[in-house]
Amino acid sequence: MTNAVLSVSDVEVGQSLPSRTVHINRATLVQYTGASLDRNPIHWDERFARSVGLPDVIAHGMFTMGAAVNVVSDWVGDAGRVVEYGTRFTKPVVVPYEIGADVEVTGVVTALDTQARRATVALTATCGTDKVLGRAVAVIVLD
Amino acid sequence: MVAAMAVNAGFAGRVYPPTPPYAVGREKIREFAEAVGAQDIVHSDQGQARARGYRDVIAPPTFAVLIAQKCDWQFIVDPEAGIDFSRLVHGEQRFVHHRPITAGDEIVGVLTVDSVKMVGGNAMVTTRSELSTIEGEAVCTATSTVVIRAGE
């Protein structure tokens, strides 16, 4: 086996996962629009976004959710080990044309079931001072 | 009937017929993985996926939204539900994977409207899509909560 999946013995409650910054610009949003088929213009057309009262285009909540879980997949060593994943969308990620947006993603192990070989990871995703995901939790199966 | 009623509250418990099969393709998985920045090669390299015990490349954890949104769409555009799409905001999303979505799967979804709650004039609707292969193997349970804001 070339990939190394984390074992129960590698994990403990309170452990922090390597954090990461996800940079988002218009190209990111257009690419996700195409891949996800969520073509709502609030994600790529700033005139439209402003016409419905938003400050600028906003990232798809599902993009942020999908990008944040990479922190977990890469840490455990196999994306297929993520068996549960849920979140609330608490604040939009506003993506200005010039500078884009940075979402900082961190994770911490909050529970470990050694019998079931399952760990629970709480994720945080912040953009500036805004918490953009709420109660973001992933459950993974360990070796 | 109040004019600003954002959704028909009588829809709680409604179950829609199965969606047409969604054929999960290798290239769609690769495209979606790239779009969310998922770099695990299990999404793109068949040999690696097989070495890890999968039949073919597998989808990233949130790929299921592609199929779940087809389920949700039945309810959102149902004229009887009376939803104003322009007032709809995604509030919450959850996936429980019974096994990874794998290239070659043909997946049908059955949508249930789990609850419709009115909160301060806004409607909160929770839907559940049970995704399974056409052979009947359970793959994923996707739960979504949307908020439909009240009209002025």
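Our subject is the structure listed above.
Residues numbered from 1 in each chain as written. Chains lettered and ligands numbered in written order. Predicted model: local features only at pLDDT ≥ 70, side-chain atom pairs only at ≥ 80, totals over all residues. Heavy atoms only, no water.

1. Re the packing of aromatic side chains
A ring pair, where both rings are aromatic, is described by two values, the distance of the centres and the angle of the planes. Put simply, the test is: Stacked, tilted and edge-to-face are the three classes applied to pairs of Phe, Tyr and Trp rings, where Trp contributes its six-membered ring and a pair requires centres within 6.5 Å; stacked means planes under 30 degrees apart, edge-to-face means over 60, and tilted covers the rest. The helix and strand labels rest on DSSP assignments: H or I over at least four residues marks a helix, E over at least two residues marks a strand, and numbering proceeds from the N terminus. Relative accessibility decides the category of a residue: with a 1.4 Å probe and only protein chains considered, values under 20% of the type maximum give buried, values over 50% give exposed, and everything between is partly exposed. A positively charged side chain is recorded as over a ring if its NZ (Lys) or CZ (Arg) lies within 6 Å of the ring centre. The angle to the ring normal must also be within 35 degrees.
Scanning all chains against the criterion turns up 6 aromatic pairs over all chains. Geometrically, the ring pair formed by Tyr32(A) and Phe63(A) is edge-to-face, given 5.7 Å between the ring centres and 70 degrees between the ring planes. Taken together, the positions of Tyr32(A) in helix H1 (residues 26-36) and Phe63(A) in helix H3 (residues 61-68) put the pair 31 residues apart, joining distant regions of the chain. In this pair, the class of Tyr32(A) matches that of Phe63(A), namely buried. Pairing Tyr22(B) with Phe63(B) gives two aromatic rings, centres 6.4 Å apart and planes at 75 degrees, and the pair type is edge-to-face. In this pair, Tyr22(B) sits in strand S1 (residues 22-23) while Phe63(B) sits in the loop between helix H2 (46-51) and helix H3 (65-76), placing the two residues 41 residues apart along the sequence. Comparing Tyr22(B) with Phe63(B), the two get one shared label, buried. An aromatic cluster of at least three residues, connected via ring pairs, comprises Tyr32(A), Phe63(A), Tyr22(B), Phe32(B) and Phe63(B). In this structure, Arg14(B) is placed above the aromatic ring of Phe11(B), and the distance from its NZ or CZ to the ring centre is 4.0 Å.

2. Some remarks on H3(A)
The α-helix advances 3.6 residues per turn, and as a result positions three or four apart in sequence lie on the same side. Within H3(A), 7 of the 8 residues are buried, which leaves it mostly tucked inside the rest of the structure. Turning to H3(A), its buried residues are Met62(A), Phe63(A), Thr64(A), Met65(A), Gly66(A), Ala67(A) and Ala68(A).

3. Description of the side chain of Arg52(B)
For clarity, the threshold we go by: The term polar contact refers here to a pair of N or O atoms within 3.5 Å; inside protein, the definition further demands a hydrogen-donor-capable atom paired with an acceptor-capable atom, and it admits residues adjacent in sequence only when both atoms are side-chain atoms.
Of note, Arg52(B) is situated in the loop between H2 and H3. A polar atom in the side chain of Arg52(B) sits 3.0 Å from the side chain of Asp78(A).

4. Notes on the environment of Ala142(B)
All names here are of chain B. The test is simple: Between two residues, a contact is recorded if the distance between any of their heavy atoms is within 4.5 Å.
Looking at the element boundaries, Ala-142 is found in strand S5 (residues 138-148). C-alpha of Ala-142 to C-alpha of Gln-69: the two residues are 73 residues apart in sequence and 9.5 Å apart in space. Leaving out residues up to four positions away in the same chain, Ala-142 has contacts with Ala-68, Gln-93, Arg-94, Phe-95, Thr-127, Arg-128 and Ser-129.

5. Comments concerning the pattern of salt bridges
The criterion, for reference: Put simply, a salt bridge is a Lys or Arg side-chain nitrogen that is within 4 Å of an Asp or Glu carboxyl oxygen.
Under the criterion given, the structure shown has 23 salt bridges over all chains. Across the pair Arg118(A) and Glu84(A) runs a salt bridge whose closest N-O atoms are separated by 3.7 Å. Placement of Arg118(A) in strand S4 (residues 118-127) and of Glu84(A) in strand S2 (residues 82-89) is noted, with a sequence separation of 34 residues between them. When the shortest N-O distance is used, the salt bridge between Arg99(B) and Asp105(B) registers 2.7 Å. Per residue, the accessibility class of Arg99(B) equals that of Asp105(B), and both read buried. Three or more residues joined by partner-sharing salt bridges are found here, namely Asp78(A), Arg81(A), Asp143(A), Asp40(B) and Arg52(B).

6. So, a nonpolar patch on the surface
As a reminder, the rule being used: Patch rule: a residue counts if its relative accessible area is over 30% and it has no salt bridge; like charges are joined within 9 Å, and nonpolar side chains (Val, Leu, Ile, Met, Phe, Trp, Tyr) within 5 Å. Exposure was quantified through the Shrake-Rupley algorithm and a 1.4 Å probe, taking into account, for residues, occlusion by the shown protein chains and nothing else.
Residues Trp73(B), Val77(B) and Phe85(B) make up a contiguous nonpolar surface patch of roughly 300 Å² in combined accessible area. Examined against the element boundaries, Trp73(B) turns out to sit in helix H3.

7. Considerations on empty space enclosed by the protein
The line we're drawing: Cavities and pockets are defined on a 1 Å grid built over the protein atoms alone: a cavity is a set of grid points where a 1.4 Å probe fits but cannot escape, while a pocket is an open set with protein on both sides within 12 Å along at least five of seven lines, and lining residues are those with an atom within 4 Å of any such point. Grid points are joined across faces, edges and corners, and a volume is the space filled by probe spheres set on the points. All residues other than Ala, Val, Leu, Ile, Met, Phe, Trp, Tyr, Cys, Pro, Asp, Glu, Lys and Arg, Gly among them, are scored as polar; the first ten of these are nonpolar and the last four charged.
For the coordinates displayed, the defined rule picks out 2 cavities of 30 Å³ or more. Taken as a whole, the largest cavity spans an internal volume of roughly 80 Å³. Every residue along the wall of the largest cavity is listed here: Ala79(A), Gly80(A), Val82(A), Ala59(B), Pro60(B), Pro61(B), Phe63(B), Ala64(B), His97(B), Pro100(B) and Ile101(B). Partitioned by chemical class, the residues of the lining of the largest cavity number 9 nonpolar, 2 polar and no charged.

8. Digging into the interface of chain A and chain B
Rule in force here: Here the quantity called buried area is the total loss of accessible area, with a 1.4 Å probe, experienced by two parts when brought into contact, counted for both.
Facing the 31 residues of chain A at the interface are 30 residues of chain B. The junction of chain A with chain B conceals about 2500 Å² of combined surface from both sides, 54% of it contributed by carbon and sulfur atoms. The largest contributions to the chain A side of the interface with chain B come from Ala35(A), Met62(A) and Phe89(A), which together make up 19% of the buried area. Counting the contacts that link chain A with chain B gives 3 salt bridges. Of the charged contacts, one joins Glu92(B) and Arg88(A) as a salt bridge, the two residues approaching to 3.5 Å between their closest N and O atoms. Applying the counting criterion to the chain A and chain B interface returns 13 residue pairs in polar contact (both at pLDDT 80 or more).

9. Quick notes on the side chain of Ser144(B)
Residue and element names in this part refer to chain B. In this structure, Ser-144 sits in strand S5. The class of Ser-144 is buried, set by a relative accessible area of 4%. Reaching out from Ser-144, the side chain makes a polar contact with the side chain of His-90 at a distance of 3.4 Å. Looking at Ser-144, its side chain comes within polar contact range of the side chain of Gln-93, at 3.5 Å. In contact with Ser-144, other than residues within four places in its own chain, are Asp-72, His-90, Glu-92, Gln-93, Val-125, Thr-126 and Thr-127.

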